[in-house]
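For reference, the chains in residue letters:
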Amino acid sequence: MDSMWCLIVHMCFMIALFSSSGVAEDPYKFFTWKVTYGTISPLGVTQQGILINGQFPGPQIDSVTNDNIIINVYNGLDQPFLLSWNGIQQRKNSWQDGVFGTNCPIPAGKNFTYKFQMKDQIGSYFYFPSLYFHKAAGGFGGIKVASRPLIPVPFPAPDGDITLLIGDWYKTNHSVLRRTLDYGKSLGKPDGVLINGRGPKDYSLTVNQGKTYRLRISNVGLSSSLNFRIQGHKLKLVEVEGSHTVQNIYDSLDIHVGQSYSVLVTANQPPQDYYMVASTRFTSPILTGVGIFHYSNSKKAVSGPIPGGPTIQIDWSLNQARSIRWNLTASAARPNPQGSYHYGNITITRTIKLANSDNSINGKQRYAVNGVSFLFPGTPLKLADYYNIGGIFNLGGIPNNPDGRSPYLQTAVISGEYRAFIEIVFQNYESTIQSWHLDGYSFFVAGMDGGEWTSASRKVYNLFDAVSRCTTQVYPKSWTAILLSLDNAGMWNLRSETWERQYLGQQTYLRVKSPVKSLRDEYDIPHNALLCGKASGRPRTPRP
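Residues numbered from 1 in each chain as written. Predicted model: local features only at pLDDT ≥ 70, side-chain atom pairs only at ≥ 80, totals over all residues. Heavy atoms only, no water.

A look at the overall build of the protein chain
What the protein chain contains, in helices and strands, is five helices and 34 strands. Since a compact globule built from 544 residues should have a radius of gyration of about 24 Å, the 24 Å found for the protein chain is in line with a globular shape. Expressed as a percentage of its 544 residues, the buried residues of the protein chain come to 58%. The contacts of the protein chain with a sequence gap of at least 6 include a subset with a gap of at least 24, amounting to 78%. For the protein chain, the exposed surface amounts to about 21600 Å²; the carbon and sulfur share of it is 54%. (Helix = DSSP H or I, 4+ residues; strand = E, 2+ residues; numbered from the N terminus. Rg over C-alpha atoms; globule rule 2.2 N^0.38 Å. Buried < 20%, exposed > 50% of the residue type's maximum accessible area, 1.4 Å probe, protein only. Contact = heavy atoms within 4.5 Å. Areas by Shrake-Rupley, 256 points an atom, 1.4 Å probe, with all protein chains shown as cover.)

If you want it as structure tokens, here you go:
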């Protein structure tokens, strides 16, 4: 009898164990971040920076596919503050996006806890402060989402995994830069280029001879496209913003504002120090950030001229961009080939053509999209939509095509049909390079070329292995076309990554709403959501 009872207990235990393992949650990772001002001098001039836990740049988020991320952010500044997660898709959860269209700012002296999941993602990304031109003072850091152990990666495990945050930089205090824009004036050219927050020759990366390293490189700057290169070494491209790529070899890579790349670099040269360079593209004069690629057994310090790179050549950059293609045989966040999603065979249900423009409105510098310069509302758009508060934004306020209208200010939002498959064409009539980002999504960069886009331009689209990413460049006097499925419900920011342009109106929001209320399609308002504007005092209860 006792043995029978033990067998029953054992069987019940195994059933309970099996059942619990079947519904076990994905791992949680907890962070506590304190945001403060601090003194920094990356270009040799003392200035006020924004630090996270005393660090500039801020701490890196190291995570694995499907990890749940909990970040308690304490705002120690004297201004409201928000963090946004560049490239993290926030599936069904634009509540955590960290831009003013979706979130109320964290008040000075208060805290807010972000809760989101790295749902079905891998790759290299970064976070940054989205308000008050804080990005010009720091507050940014890298995000790494590694594949789960059982999911194959299409290259051998590297001997090191290193994040490099490159970007242009101003010596001027961020509050002064902001006031300049508020007065209706342009910022002018930046003062230099940083590598991991360091000025020329201040940053050194130590490597061991014969070893291979994965460098995750993100352009976290404000305005400049950058060319990255390491003297005497080749760059093998393996990943772009969550997509494994065909592993082309490059001498150097153009990385435009807001973009992230992973490359493999093998320390296979004679043991000495080499220049590591990030220099501006399409600018005059050229600004150059320089670091040291240091062999641990180096016999010789770096010397001689800094290796040159491309400068104003558009065709060179365009051809390189076209060479970046999806690796169709690689697994992604799941154990299936990336190319199993045949985007080229899906019927396009809507085309939106968006043209950027440089304008003066009411005597002040502004930028616009199809003639509409985005006006920040007093209430976040997501809250207004959730609580059905009228008069906050104009749904459908941006026309589907540029129509030559005189530019004007408006809080305009694009309405997207849930699960529609659409085409967005970024048309650039200006002589400056543009960089566009869409929160909440990855899209297929189907084509880019010079001149005016027409329906005939689809003949040159790559409908087989175009790379899937979240940020794309548009060359001067050129167009770029992207394809995407609107399968992520929420209110999503579509913006210029050139921060002056974003701040002065070159952005909008894409509202994708499920026709039925279901947690399968979109999460309800978080219990800790900050409420402001006309949403102040509203209940944080789920909608009926």
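Digging into the sheet that holds strand β4 (residues 68-75)
Reading across from one edge, β2-β1-β4-β6 is the order of the four strands in this open sheet, with mixed pairing throughout. Pairing within the sheet leaves two strands with one partner each, and these edge strands are β2 (47-52) and β6 (111-117). Neighbour-to-neighbour, the strand axes of this sheet turn through a mean angle of 20 degrees, independent of strand direction. By the bridge criterion, seven bridges tie β4 to β6 in an arrangement that is antiparallel. Across the sheet, the residue bridging to Asn 68 is Gln 117, located in β6. (Pairing = 2+ DSSP bridges. Axes fitted to C-alpha atoms, helices over the stretch in contact; angles between N-to-C directions.)

Remarks on the side chain of Glu 239
Structurally, Glu 239 is set in strand β14 (residues 235-240). For Glu 239, a relative accessible area of 0% translates into the label buried. One polar contact links the side chain of Glu 239 to the main-chain amide nitrogen of Glu 241, over a distance of 3.2 Å. At a separation of 2.8 Å, a polar atom in the side chain of Glu 239 contacts the main-chain amide nitrogen of Gly 242. (Polar contact = N/O pair within 3.5 Å; in protein donor to acceptor, adjacent residues only side chain to side chain.)

With respect to the state of the cysteines
The full count for this structure, using the stated rule, is one disulfide. Each sulfur in the disulfide pair Cys 104 and Cys 532 lies 2.1 Å from the other. The chirality of the disulfide connecting Cys 104 with Cys 532 is left-handed, given an S-S dihedral of about -90 degrees. Taken as a pair, Cys 104 in the loop between β5 (83-86) and β6 and Cys 532 in the segment after β34 (507-513) lie far apart in primary sequence, 428 residues in all. Cys 532 matches Cys 104 in its accessibility class, with the two residues each being buried. (Disulfide = S-S within 2.5 Å.)

Observations regarding the sheet that holds strand β20 (residues 288-295)
Read from one edge to the other, the open sheet built from five strands follows the order β11-β20-β19-β13-β17, with strand pairing classed as mixed. Across the chains shown, the open sheet's two edge strands, defined by having one partner strand only, are β11 (203-207) and β17 (253-255). Ignoring which end each strand starts from, the neighbouring axes of this sheet average 25 degrees apart. As judged from the five bridges shared by strand β13 (residues 226-230) and strand β19 (residues 273-280), these two strands associate in the antiparallel manner. The partner of Leu 226 across the bridge, within β19, is Thr 280.

Describing the confidence of the model for the protein chain
Across the protein chain, the average pLDDT comes to 94, with 95% of residues at or above 70. Here residues 1-23 scores under 50 on pLDDT; set against residues more than four positions off or in separate chains, the count is zero contacts. (pLDDT = per-residue confidence, 0-100.)

Section: helix α2 (residues 174-182)
Those residues of α2 that fall on the buried side of the exposure criterion are His 174, Leu 177 and Leu 181. Along the axis of α2, the buried positions cluster into a sector of 60 degrees, meaning they face one direction only. Here the buried face of α2 lies against β1 (28-40), β2 and α5 (499-503). In the segment just after α2, Gly 184 is the residue with positive phi, at about 90 degrees. (Arc of directions from axis to C-beta.)

Comments concerning the nonpolar core
In this structure, Leu 164, Leu 215, Phe 228 and Phe 293 are the most contacted members of the largest nonpolar core, which totals 44 residues. When sequence neighbours within four positions are dropped, the list of residues in contact with Phe 293 reads Leu 205, Val 207, Ile 230, His 233, Val 265, Gln 272, Asp 273, Tyr 274 and Met 276. If you look at the next biggest cluster of nonpolar residues, it comprises 32 residues, including Leu 354, Val 372, Ala 420 and Leu 486. (Core = buried A, V, L, I, M, F, W, Y, C linked by side-chain atoms within 4.5 Å.)

Here we look at the pairing of β20
Most of β20 is tucked away, with six of its eight residues classed as buried. Pairing of β11 with β20 involves five bridges; the strand directions are parallel. Across the sheet, residue Ser 204 finds its bridge partner in β20, namely Ile 292. In this structure, β19 lies alongside β20, joined through seven bridges in antiparallel fashion.

So, helix α3 (residues 314-323)
Because an α-helix packs 3.6 residues into every turn, residues spaced three or four apart end up facing the same way. Turning to α3, its buried residues are Ser 317, Leu 318, Gln 320 and Ala 321. Buried residues of α3 fall within an arc of 165 degrees about the axis and therefore sit on the same side. Where α3 is buried, its residues contact β16 (249-250), β17, β29 (443-450) and β31 (471-474).

Focus: the packing of aromatic side chains
Counting across every chain of the model gives 26 aromatic pairs. Taking the centre distance of 5.1 Å and the plane angle of 90 degrees together, the rings of Tyr 386 and Tyr 387 count as edge-to-face. Comparing Tyr 386 with Tyr 387 shows no difference in burial state: the two are buried. Of the aromatic side chains, those joined through ring pairs into one cluster are Phe 31, Trp 33, Trp 85, Phe 112, Tyr 114, Phe 116 and Tyr 127. (Phe/Tyr/Trp six-rings, centres within 6.5 Å; stacked < 30°, edge-to-face > 60°.)

Comments concerning the side chain of Asn 93
Mapping Asn 93 onto the fold places it in the loop between β5 and β6. Using a relative accessible area of 8% as the deciding quantity, one classes Asn 93 as buried. Dropping the residues within four chain positions of it, Asn 93 is found in contact with Lys 115, Phe 116, Trp 492 and Tyr 523.

Brief notes about the environment of Val 467
Looking at the element boundaries, Val 467 is found in the loop between β29 and β30 (468-469). Judged by its relative accessible area of 5%, Val 467 falls in the buried class. When the C-alpha positions of Val 467 and Tyr 295 are compared, they lie 33 Å apart, and in sequence the two are 172 residues distant. What Val 467 contacts, discounting residues up to four positions off in sequence, is Val 240, Ser 243, Thr 245, Ile 324, Arg 325, Trp 326, Phe 443, Phe 444 and Val 445.

Quick notes on the pattern of salt bridges
Counting across every chain of the model gives 23 salt bridges. Arg 511 is paired through a salt bridge with Asp 385; the nearest N and O atoms lie 3.1 Å apart. Taken as a pair, Arg 511 in strand β34 and Asp 385 in helix α4 (residues 381-386) lie far apart in primary sequence, 126 residues in all. For Arg 511, a relative accessible area of 15% puts it in the buried group. For Asp 385, a relative accessible area of 12% translates into the label buried. Its salt-bridge partner being Glu 430, residue Arg 501 comes within 2.5 Å of it at the nearest N-O pair. Of this pair, Arg 501 sits in helix α5 while Glu 430 sits in the loop between β27 (421-428) and β28 (434-438), and the two are 71 residues apart along the sequence. Overall, the relative accessible area of 7% leaves Arg 501 in the buried class. For Glu 430, a relative accessible area of 13% puts it in the buried group. The structure contains a network of salt bridges with shared partners spanning Asp 385, Arg 511 and Lys 513. (Salt bridge = Lys/Arg side-chain N within 4 Å of Asp/Glu carboxyl O.)

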